[in-house]
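Coordinate analysis (summary)
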Amino acid sequence: MKYISTRGKAPELTFEDAMLTGLARDGGLYIPAEIPVMPKAEIAALAGLSYEEIAFRVMRPFVGDAFTDEDFAEIIQKAYAGFGHAARAPLVQLGPNDFLLELFHGPTLAFKDFAMQLIGQLFQVALSRRGERVTIVGATSGDTGSAAIEAFRGLDAVDVFILFPNGRVSEVQRRQMTTPTEANVHALALEGDFDDCQGKLKDMFNDFTFRDEVRLAGVNSINWARVLAQVVYYFSSAVSLGAPHREVSFTVPTGNFGDIFAGYIAKRMGLPIRDLVIATNQNDILHRTLETGAYTTQAVAPSISPSMDIQVSSNFERALYFAYGGDGNAVAQLMAELKEKGAFPVSQGALESLRETFSSGRVSEEETLAAIAKFHATTGEVLCPHSAIAAEVAARRGTESTPMVALATAHPAKFPDAVERACGQRPALPARMADLFEREERLTEVPNDLAALEALIRERISK
Ligand SMILES: *Cc1c(COP(=O)(O)O)cnc(C)c1O
């Protein structure tokens, strides 16, 4: 399996190299040159298998010969062993044909653990085999950072630096990043918002001297291996609802477009997904784009669903690549226009193609609070703000004959203030992390400045 860049000008890589590299050298994102299709009989045969077995069968064709079957199966076992639910991604029924996919039973209580725990194991095996070290730098709106730190803490071939927007993540999120004691963990509080963090990360990747010197590796949701890990739970949930003999729809609380793009890949692989619904908070660039055809960035407005407080939705570039029929030059032009003007128009043909697969809905701050209260009152479920946004957008469509699965992306205890404000209940942390608020914090405040950041990273890894 070969991987190519969405901008068409970077070298083709294997799965392993695409994973270790993150961002392509032409600024693009890696995607498989071909998406393997899973025959209907093979999808049907997933019914009744464990999450780990489904993960193996769904991901195997993408990995090529980077890992043996035996190694890959063992990596998957280790990745999900620390989850707090035997089903890994259990489905809960909310209404006659409405379901919630709980993706928050991993070690940091958000769906990012599904990908990050797998990536940690994959990096470990690949790097020790090569005898190499890498410097992982990630940008986070809250959940990616804690998941990355949890996955890489204590691994000897890796230093992990996480940039998060100072003062704009929840206390649980911050503490999950600042309380690990391992020397290879570096939590950096950047003066700015998430888009500033992501912008600096991209600048570091585009500074080839620095990139090569520190052997920079990226684990943001632009990393293909992360998208791939997320494809699995679309299969596991759809099959338990009757696929491939029955269609299933999904509503996904969306920020950087990684999670929902995994759903698109599942669909391209042959999983009968009817609708993929993008659910946004007040930072609704994707909702506006689908409505108007203009991708126009605005200032980020901080919300009670901070993991979706994003204006530049990186993985959307992958969707554009497919919507433009695989035209890397067209994508490169759009991205240049975005960098220059903060906006670009989507062509009529590409917009139609996007609308065939995706629809969208937006939920305001007040509506999010009301949704948490409503679902608590009517179903007994306490939802985090992100999950409530998905459930609300799904519910607005009314009950349909196709089952609708809303993705619950974080545990409510990660966002206790908003949840308590909405429904009067303060969700408790699971017992395994109940002492989080007593642990000592360790972080470094950094300016929104590329040279200062690079100097800090050089100094830390040279010790
Ligand atoms: C990251 C995150 C999202 C958004 O996922 P994307 O892949 O960036 O679209 C939604 N909810 C939670 C809780 C998250 O951590």
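Residues numbered from 1 in each chain as written. Predicted model: local features only at pLDDT ≥ 70, side-chain atom pairs only at ≥ 80, totals over all residues. Heavy atoms only, no water.

Some details on the overall build of the chain
Looking only at helices and strands, one finds 19 helices and 15 strands in the chain. The C-alpha radius of gyration of the chain comes to 20 Å, within 12% of the 23 Å expected for a compact globule of 463 residues. Each principal axis of the C-alpha distribution contributes one length, and for the chain these read about 60 × 50 × 50 Å. For the chain, the residues scored as buried account for 62% of the 463 residues in total. (Helix = DSSP H or I, 4+ residues; strand = E, 2+ residues; numbered from the N terminus. Rg over C-alpha atoms; globule rule 2.2 N^0.38 Å. Buried < 20%, exposed > 50% of the residue type's maximum accessible area, 1.4 Å probe, protein only.)

Comments concerning the UniProt feature "domain: Threonine synthase N-terminal" (unreviewed entry) in the chain
Mapped onto the present numbering, the UniProt feature "domain: Threonine synthase N-terminal" (unreviewed entry) falls at residues 2-80. Secondary structure within residues 2-80 divides into 47% helix and 8% strand; the distance between the first and last C-alpha atoms comes to 27 Å. (UniProt positions renumbered as here; feature names shortened; annotations may be inferred.)

Here we look at the site of the ligand
Around the ligand there are 15 residues in total, and Lys112, Asp143, Gly255, Asn256 and Thr409 lie nearest to it. Separating an oxygen atom of the ligand from a side-chain N or O atom of aspartate 143 is a distance of 2.4 Å. Here an oxygen atom of the ligand and a backbone polar atom of phenylalanine 257 are 3.0 Å apart. Protein burial of the ligand: of its 380 Å² of free accessible surface, 98% is covered by the chains. (Near = heavy atom within 4 Å. Polar contact = N/O pair within 3.5 Å; in protein donor to acceptor, adjacent residues only side chain to side chain. Areas by Shrake-Rupley, 256 points an atom, 1.4 Å probe, with all protein chains shown as cover.)

Notes on unusual backbone geometry
Only a minority of non-glycine residues have a phi that is not negative, and only a minority of peptide bonds are not trans. A cis amide bond links alanine 243 with the next residue in sequence, proline 244, at an omega value of 5°. Mapped onto the fold, proline 244 is located in the loop between α10 (224-240) and β9 (248-253). Positioned with a positive phi, arginine 88 is a non-glycine residue whose angle comes to about 65°. The exposure class assigned to arginine 88 is buried, which follows from its relative accessible area of 14%. Although it is not a glycine, phenylalanine 257 sits at a positive phi angle of roughly 70°. Structurally, the position occupied by phenylalanine 257 is in the loop between β9 and α11 (258-268).

Details of the UniProt feature "modified residue: N6-(pyridoxal phosphate)lysine" (unreviewed entry) in the chain
The feature "modified residue: N6-(pyridoxal phosphate)lysine" (unreviewed entry), as annotated in UniProt, sits at Lys112 in this numbering. If you trace the backbone, lysine 112 turns up in helix α5 (residues 112-130). Discounting chain neighbours no more than four positions away, the residues touching lysine 112 are Asp143, Thr144, Ala147 and Arg226. (Contact = heavy atoms within 4.5 Å.)

Here we look at the pairing of strand β4 (residues 98-102)
When you tally the buried positions in β4, you get four out of five residues, the bulk of the element. In this sheet, β4 lies alongside strand β3 (residues 91-95) in antiparallel orientation, the contact comprising four bridges. Within β4, the position partnered with valine 92 by the bridge is leucine 100. With antiparallel pairing between neighbouring strands as the criterion, β3 and β4 make up a hairpin whose turn holds two residues. (Pairing = 2+ DSSP bridges.)

Examining the packing of α11 against helix α13 (residues 316-323)
At a closest axis distance of 10 Å, the pairing of α11 and α13 adopts a crossing angle of 35°. Contacts between α11 and α13 involve Phe261, Tyr264 and Arg268 from the former and Arg318, Ala319 and Phe322 from the latter. In terms of residue class, the contact of α11 with α13 is built from four nonpolar, no polar and two charged. (Axes fitted to C-alpha atoms, helices over the stretch in contact; angles between N-to-C directions. Nonpolar A, V, L, I, M, F, W, Y, C, P; charged D, E, K, R; others polar.)

Here's the deal with the side chain of threonine 357
Examined against the element boundaries, threonine 357 turns out to sit in helix α15 (residues 348-357). Given a relative accessible area of 11%, threonine 357 falls into the buried group. When neighbours within four sequence positions are excluded, threonine 357 is seen to be in contact with Tyr264, Lys267, Asp275 and Leu276.

A few points about the sheet that holds strand β15 (residues 444-446)
Strand order in the open sheet formed by five strands is β8-β5-β6-β7-β15, with parallel pairing between adjacent strands. Across the chains shown, the open sheet's two edge strands, defined by having one partner strand only, are β8 (216-217) and β15. By the bridge criterion, six bridges tie strand β5 (residues 134-139) to strand β6 (residues 158-165) in an arrangement that is parallel. Note on β6: the bridge partner recorded for valine 134 is valine 158. Running at roughly 150° to β6, helix α19 (residues 450-461) makes contact with β5, β6, β7 (185-190) and β15 of the sheet.

Quick look at the sheet that holds strand β13 (residues 358-362)
Judged by pairing direction, the sheet is mixed, and its six strands sit side by side in the order β3-β4-β14-β9-β10-β13 without closing on themselves. Strands at the two margins of the open sheet, each flanked by one partner only, are β3 and β13. Here the average twist between neighbouring strands, direction ignored, is 25°. Where strand β10 (residues 273-280) lies against β13, five bridges are found, and the strand directions are parallel. Opposite leucine 276, over in β13, you have phenylalanine 358 as the bridge partner. Strand contacts of α15: β10 and β13, with the helix running at about 80° to β13, the strand carrying the most contacts.

Notes on the environment of arginine 7
Topologically, arginine 7 is positioned in the loop between β1 (3-5) and α1 (15-21). Spatially, the C-alpha atom of arginine 7 lies 21 Å from that of arginine 268, the residues being 261 residues apart in sequence. Setting aside chain neighbours within four positions, we find arginine 7 in contact with Asp26, Gly27, Gly28, Glu317, Gly328, Val331, Ala332 and Met335. Only 3.3 Å separates the side chain of arginine 7 from the backbone oxygen of glycine 27, close enough to count as a polar contact.

Observations concerning the environment of glutamate 171
Here glutamate 171 shows up in helix α7 (residues 171-178). Since its relative accessible area comes to 37%, glutamate 171 is described here as partly exposed. Through-space distance from the C-alpha of glutamate 171 to that of phenylalanine 437 is 8.9 Å; in sequence the pair is 266 residues apart.

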